[in-house]
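Chain by chain, the residues:
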Amino acid sequence: MAARGASDQPKGPAQPEDPSAGTPLAKSPATPVPAWLVSALSINTGSTVPPYEQVRTGLLDLIHHKRLPVGSKLPTVRALASALGVAANTVARAYKELEQAAVVTARPRLGTVVAQGNDTAESQLAAAAVAYAQVARTLGYGPREATRQLEAVFPSA
């Protein structure tokens, strides 16, 4: 039995090569998160407000004040989490709640963008409802009790 030569070694998965350089292509680095966005969304670790809520409300504020206008692409979850020094799940939860409130739209492989019509009173109310529901859940209340509390603040007609 003959010894295997270098050309007989099993090869791993093929990597695309840059024809001009003859070397494997490196993954392009993620687009950096703008410094102004990191500053605007800075997390107060001493706050009683959870980090995901700070991210969510910070993004809402930027969207409503048109610093993130309709169609603006938000950073990836991982990029923003890294820039803010928080876990990716923190940013993912903030994005998810904004999506549930129809403030942003997430599309696989295309990213998360500020949705059309997010500046309407209805979308602001939807965002507030998501926040209220989260507080109710955190306090251990379900939809029935949360609704009862909400109805109590409106005068009967």
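As the structure is a prediction and not an experimental result, all values here were calculated from the model.

The tendency in soluble globular proteins is for nonpolar side chains to be buried as a group. Judged by nonpolar contacts, the single largest core of 26 residues is most densely connected at Leu59, Leu68 and Val103. Those elements that provide at least two residues to this core are α2 (51–64), α3 (77–84), α4 (88–100) and α5 (121–138). Per element, the largest residue contribution to this core is five residues, and it comes from α2. The residues contacting Leu68, other than those within four sequence positions of it, are Trp36, Leu37, Leu59, Leu62, Ile63, Leu74 and Val114.

Turning our attention to α2. Compared with an ideal rise of 1.5 Å per residue, which puts 14 residues at 20 Å, α2 spans 20 Å between its outermost C-alpha atoms and is within 8% of the ideal. Of all 14 residues in α2, ten are buried, a share of seventy percent or more. When we look at burial in α2, the residues that qualify are Tyr52, Glu53, Gln54, Val55, Arg56, Gly58, Leu59, Leu60, Leu62 and Ile63. Lys66 sits one or two residues past α2 and shows a positive phi near 65 degrees.

Between α2 and α4, the least distance of the axes is 8 Å, while the angle of their chain directions is 45 degrees. It follows that α2 is oblique to α4 by the angle criterion. Pair α2 / α4 crosses with right-handed handedness. Residue-level inspection shows Pro51, Tyr52, Glu53, Val55, Arg56, Leu59 and Leu60 of α2 in contact with α4, the latter providing Thr90, Arg93, Ala94, Tyr95, Glu97 and Leu98. Per-class residue counts for the contact of α2 with α4 are eight nonpolar, one polar and four charged.

Quick notes on the rules
- Residues numbered from 1 in each chain as written.
- Predicted model: local features only at pLDDT ≥ 70, side-chain atom pairs only at ≥ 80, totals over all residues.
- Heavy atoms only, no water.
- Core = buried A, V, L, I, M, F, W, Y, C linked by side-chain atoms within 4.5 Å.
- Buried < 20%, exposed > 50% of the residue type's maximum accessible area, 1.4 Å probe, protein only.
- Helix = DSSP H or I, 4+ residues; strand = E, 2+ residues; numbered from the N terminus.
- Contact = heavy atoms within 4.5 Å.
- Expected span 1.5 Å × (residues − 1).
- Axes fitted to C-alpha atoms, helices over the stretch in contact; angles between N-to-C directions.
- Parallel < 35°, antiparallel > 145°, perpendicular 65-115°, else oblique.
- Left-handed = near helix turned anticlockwise from the far one by under 90°.
- Nonpolar A, V, L, I, M, F, W, Y, C, P; charged D, E, K, R; others polar.

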